[in-house]
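Close look at the chain arrangement
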Number of protein chains: 4
Amino acid sequence: MPKVVDEQMREATRRHIIRQAASEFARLGFDQANINMIAEQAGIGKGTIYLYFENKRELFLSMLRYIAQDHLVAIRAALATDGSIQQRLERLFCAFVQLAQEERDSFNVHMSALYGVNRAFQAEATKLMRDYLATIAFMLEQSHARGEIRCANIESTSLMILSLMESFVLSANVLGQSEQVILQQANKVAEMVLHGIAST
Amino acid sequence: MPKVVDEQMREATRRHIIRQAASEFARLGFDQANINMIAEQAGIGKGTIYLYFENKRELFLSMLRYIAQDHLVAIRAALATDGSIQQRLERLFCAFVQLAQEERDSFNVHMSALYGVNRAFQAEATKLMRDYLATIAFMLEQSHARGEIRCANIESTSLMILSLMESFVLSANVLGQSEQVILQQANKVAEMVLHGIAST
Amino acid sequence: MPKVVDEQMREATRRHIIRQAASEFARLGFDQANINMIAEQAGIGKGTIYLYFENKRELFLSMLRYIAQDHLVAIRAALATDGSIQQRLERLFCAFVQLAQEERDSFNVHMSALYGVNRAFQAEATKLMRDYLATIAFMLEQSHARGEIRCANIESTSLMILSLMESFVLSANVLGQSEQVILQQANKVAEMVLHGIAST
Amino acid sequence: MPKVVDEQMREATRRHIIRQAASEFARLGFDQANINMIAEQAGIGKGTIYLYFENKRELFLSMLRYIAQDHLVAIRAALATDGSIQQRLERLFCAFVQLAQEERDSFNVHMSALYGVNRAFQAEATKLMRDYLATIAFMLEQSHARGEIRCANIESTSLMILSLMESFVLSANVLGQSEQVILQQANKVAEMVLHGIAST
DNA sequence: CATGAATGAGATTTCATTCAT
DNA sequence: TATGAATGAAATCTCATTCAT
């Protein structure tokens with residue numbers, strides 16, 4: 001079965017290219033990122049990239065989907081396992097922190113595709129956001145069923161949680177907070193989501 | 001006093017250019033936006049832009065600062081006036097919605113500078129974010145002094161509020177929610193910030 | 001009226017570029033001809049060409065039309081003036097020889113657009129051919145009215161004359177015949193057209 | 001005798017490749033034609049072509065010579081058989097029409113090599129043209145000996161006939177005339193060659 | 001001051017050719 | 001012998017910036 005081996009090789013190369021691409025795209029954005037440089041850093045010829053991806057745009061989109069898979073896996077893992085709602089929210093937050101830290105490139109790329117100006121990728125990024133929201137909504141429904149939360153509008157709440165956490169992590173990074181410092185705020189974030197900041 | 005008149009003219013032209021630039025930058029992002037087009041839409045010569053701004057980058061940054069001024073004014077207005085903390089938060093949220101709607105261009109540009117990938121502008125955007133945070137923190141301190149909220153870490157809480165609101169509005173827009181629909185969620189957002197979603 | 005001067009300058013530059021382009025296109029064909037080289041030989045910057053022509057293809061087509069104008073003028077001059085039909089045909093032949101010689105580039109380019117494989121330009125080249133044919137047909141009609149020729153199908157005859165003369169000149173050139181040698185065959189060509197080669 | 005079989009196989013593959021190449025070259029011209037596509041349509045690997053032809057250019061030239069063989073056979077058949085000079089010329093014309101129709105690819109490729117701009121192939125194409133001319137000249141000599149034609153300069157006359165017929169067929173095709181319409185003009189063409197268009 | 005023609009660096013993409021398998 | 005993945009030169013076109021008018 002040489003076919004399988006080849007297919008594996010091909011997939012490995014694809015991943016390799018995507019990883020380098022993510023690094024460049026994250027550092028420079030879609031436009032400034034340079035196919036030549038990506039090829040060079042991937043240690044392959046310029047033309048080779050075009051054997052794996054139709055063009056720059058498709059490379060970017062492939063990378064986006066790839067990243068989304070990873071993120072979804074992490075998010076699901078954080079939410080799916082047992083534990084109190086407080087714990088789950090903390091884990092969700094920590095998952096975002098970890099993604100932002102360990103895969104800073106991917107995270108930035110994803111965020112900027114979503115909130116960035118380049119509308120060309122907003123459609124795709126929006127799809128991914130809906131997946132994230134669905135995952136969070138699913139957890140909220142469970143918690144609601146268990147009576148842990150009161151939740152008039154699950155969709156709206158999901159969006160609040162996603163917005164808060166993603167954006168918080170991103171902003172904290174931008175502000176120069178260390179991973180440790182950010183992680184320490186996990187329980188505060190979860191607490192605010194659950195109990196708010198009103199004094200009583 | 002022709003000097004003053006000239007100065008006023010100059011400033012007026014600057015603003016005019018910035019406004020058109022914002023439109024293009026918001027539509028296409030920094031790289032895709034085209035100086036030629038900006039000049040054309042501003043009804044001036046290509047070279048003229050370079051009499052007012054050193055280069056494309058400086059034009060973008062000037063625009064960023066300009067927008068930030070407007071936003072700060074709106075944010076301060078929302079927070080400064082009297083009312084309960086719930087009302088203030090709702091007004092803050094509505095201010096973001098309005099900015100995102102009425103000045104969609106500016107808002108998008110600002111967001112993408114902040115969360116976007118192009119690090120070239122992150123430094124400047126971060127400065128602006130600190131201004132926003134300071135404004136929110138100031139309100140929180142007031143409310144804390146009044147006993148309206150319990151707030152262990154004002155900085156962290158400010159960041160939560162800013163992240164949540166900005167990102168929520170942006171995401172809701174991206175998801176295609178209408179202005180009206182978004183505005184209707186103002187009280188929910190404020191309520192979550194104040195009381196959380198825990199059932200009791 | 002600075003506008004007029006500018007317009008003249010612009011037109012002069014256009015012509016200048018077209019002339020250099022014709023040289024390159026004739027030497028190398030559409031695909032092998034190189035915009036960089038054309039610019040260099042025209043003594044202008046690469047980008048400047050794109051201020052005058054939308055793209056390579058449009059440059060080629062503009063050149064084609066330009067050439068066709070010159071050729072039509074020469075063909076009309078050869079046919080329009082007085083003289084016997086024999087003289088006119090000889091003049092037509094000589095016109096082709098002269099075009100092929102004095103403006104070898106243009107002539108080759110035109111021929112190859114017509115008979116060459118690159119279908120992309122066949123439509124345009126066909127239009128031009130129809131103009132040529134119409135001019136020849138007009139002369140044939142006149143001669144027919146005068147009883148100089150018997151002509152069952154003027155269209156068909158025009159095509160015969162055009163094909164014969166253009167192709168003869170081109171082939172003779174390809175075979176390495178000198179201008180003088182080719183010109184000496186003018187009366188034979190005209191004679192064949194008029195009287196054929198049958199012995200009686 | 002496996003040697004012979006192999007040799008036959010090899011020759012068969014060569015022909016097969018050439019046939020597909022002709023199709024592509026005719027459709028797209030030398031430059032736009034794509035070795036990948038030719039290989040694909042021939043149902044063989046890209047690299048295999050290089051086992052049969054040194055490079056793209058040699059493939060093109062081989063194809064050219066191949067086509068010329070076919071054309072020469074057809075031309076000789078049209079001229080060699082008995083019949084009046086009028087009949088022979090008509091047959092020659094019909095042979096060109098048929099070649100242009102039945103083997104449109106080959107015919108176009110050959111014409112464009114001859115009249116096209118790409119000088120790289122002109123030398124080879126010229127050789128082929130000389131073969132054509134020699135064949136026609138041979139017939140003219142025969143006819144001259146028989147007193148059917150008066151022919152001061154056989155070479156020149158051969159060129160006239162070849163130019164007229166090839167170019168006429170090509171142009172008529174370009175102008176959109178159907179095969180039938182073109183064939184109907186055979187006797188007119190032959191007649192013009194023999195008797196001209198002068199009224200008496 | 002204002003202009004816009006001119007520039008050329010730089011980016012994407014194609015494809016003939018090689019060569020390890 | 002046959003293959004096709006990999007290569008990288010080369011070509012088109014864009015656009016920020018300059019500068020003579």
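Residues numbered from 1 in each chain as written. Chains lettered and ligands numbered in written order. Predicted model: local features only at pLDDT ≥ 70, side-chain atom pairs only at ≥ 80, totals over all residues. Heavy atoms only, no water.

**Considerations on the protein's contact with DNA strand E**
Definition in use: For this purpose, a residue is taken to be near a molecule or strand whenever a single non-hydrogen atom of the residue falls within 4 Å of it. Counted as a polar contact is a pair of N or O atoms within 3.5 Å, where, for protein atoms, one must be capable of donating a hydrogen and the other of accepting one, and residues adjacent in sequence contribute only when both atoms are in side chains. Counting from the N terminus, the helices are the DSSP runs of H or I reaching at least four residues and the strands are the DSSP runs of E reaching at least two. Polarity classes work like this: nonpolar for Ala, Val, Leu, Ile, Met, Phe, Trp, Tyr, Cys and Pro, charged for Asp, Glu, Lys and Arg, and polar for all others, with Gly in that last group.
The full set close to DNA strand E counts 30 residues, and A:Tyr50, B:Thr48, C:Gly45, C:Thr48 and C:Tyr52 are the nearest of them. At the protein interface, 61% of the atoms of DNA strand E within 4 Å belong to sugar or phosphate. Here C:Gly47 contributes a backbone N or O atom positioned 3.2 Å from a base nitrogen of DNA strand E. Broken down by secondary-structure element, the contributors of at least two residues to the surface near DNA strand E are helix H2 (35-42) and helix H3 (46-52) of chain A, helix H3 (46-52) of chain B, helix H3 (46-52) of chain C together with helix H3 (46-52) of chain D. Of the residues assigned to the surface near DNA strand E, the class counts are 12 nonpolar, 11 polar and seven charged.

**Some details on the interface of chain A and chain B**
Definition in use: We call two residues in contact when some of their heavy atoms are within 4.5 Å. Defined in terms of a 1.4 Å probe, buried area is the accessible area two parts forfeit on being brought together, summed over both. For this analysis, a salt bridge means a side-chain nitrogen from Lys or Arg found within 4 Å of a carboxyl oxygen belonging to Asp or Glu.
At the junction of the two partners, chain A supplies 51 residues and chain B supplies 52 residues. The junction of chain A with chain B conceals about 4900 Å² of combined surface from both sides, 61% of it contributed by carbon and sulfur atoms. Taken together, the links from chain A to chain B amount to zero salt bridges. If you look at where chain A meets chain B, you find 16 residue pairs in polar contact (both at pLDDT 80 or more). Only helix H1 (2-32), helix H6 (104-115), helix H7 (122-145), helix H8 (154-174) and helix H10 (186-195) of chain A provide two or more residues apiece to the side of chain A that touches chain B. Residue contributions to the side of chain A that touches chain B peak at 13 residues, all from H8(A). Here the residues of the side of chain A that touches chain B sort into 24 nonpolar, 19 polar and eight charged.

**Considering the UniProt feature "DNA-binding region" (unreviewed entry) in chain A**
Let me state the cut-off plainly: UniProt positions are given in the numbering used here, feature names are shortened, and annotations may be inferred rather than shown by experiment.
In the numbering used here, UniProt assigns the "DNA-binding region" (unreviewed entry) feature to residues 34-53 of chain A. Along residues 34-53 of chain A, the helical share is 75% and the strand share 0%, with 14 Å between the first and last C-alpha atoms.

**Side note on the protein's contact with DNA strand F**
Around DNA strand F, the structure places 29 residues, and the nearest of them are A:Gly45, A:Thr48, B:Ile35, C:Lys46 and D:Thr48. Backbone atoms, meaning sugar and phosphate, make up 60% of the atoms of DNA strand F lying within 4 Å of the protein. Between a base nitrogen of DNA strand F and a side-chain N or O atom of A:Lys46, the distance comes to 3.3 Å. At 3.2 Å from a phosphate oxygen of DNA strand F is found a main-chain nitrogen or oxygen belonging to B:Ala33. Sorting the residues of the surface near DNA strand F by element identifies H3 of chain A, H3 of chain B, helix H2 (35-42) and H3 of chain C together with H3 of chain D as the ones contributing at least two each. Of the residues belonging to the surface near DNA strand F, the class tally is 12 nonpolar, 11 polar and six charged.

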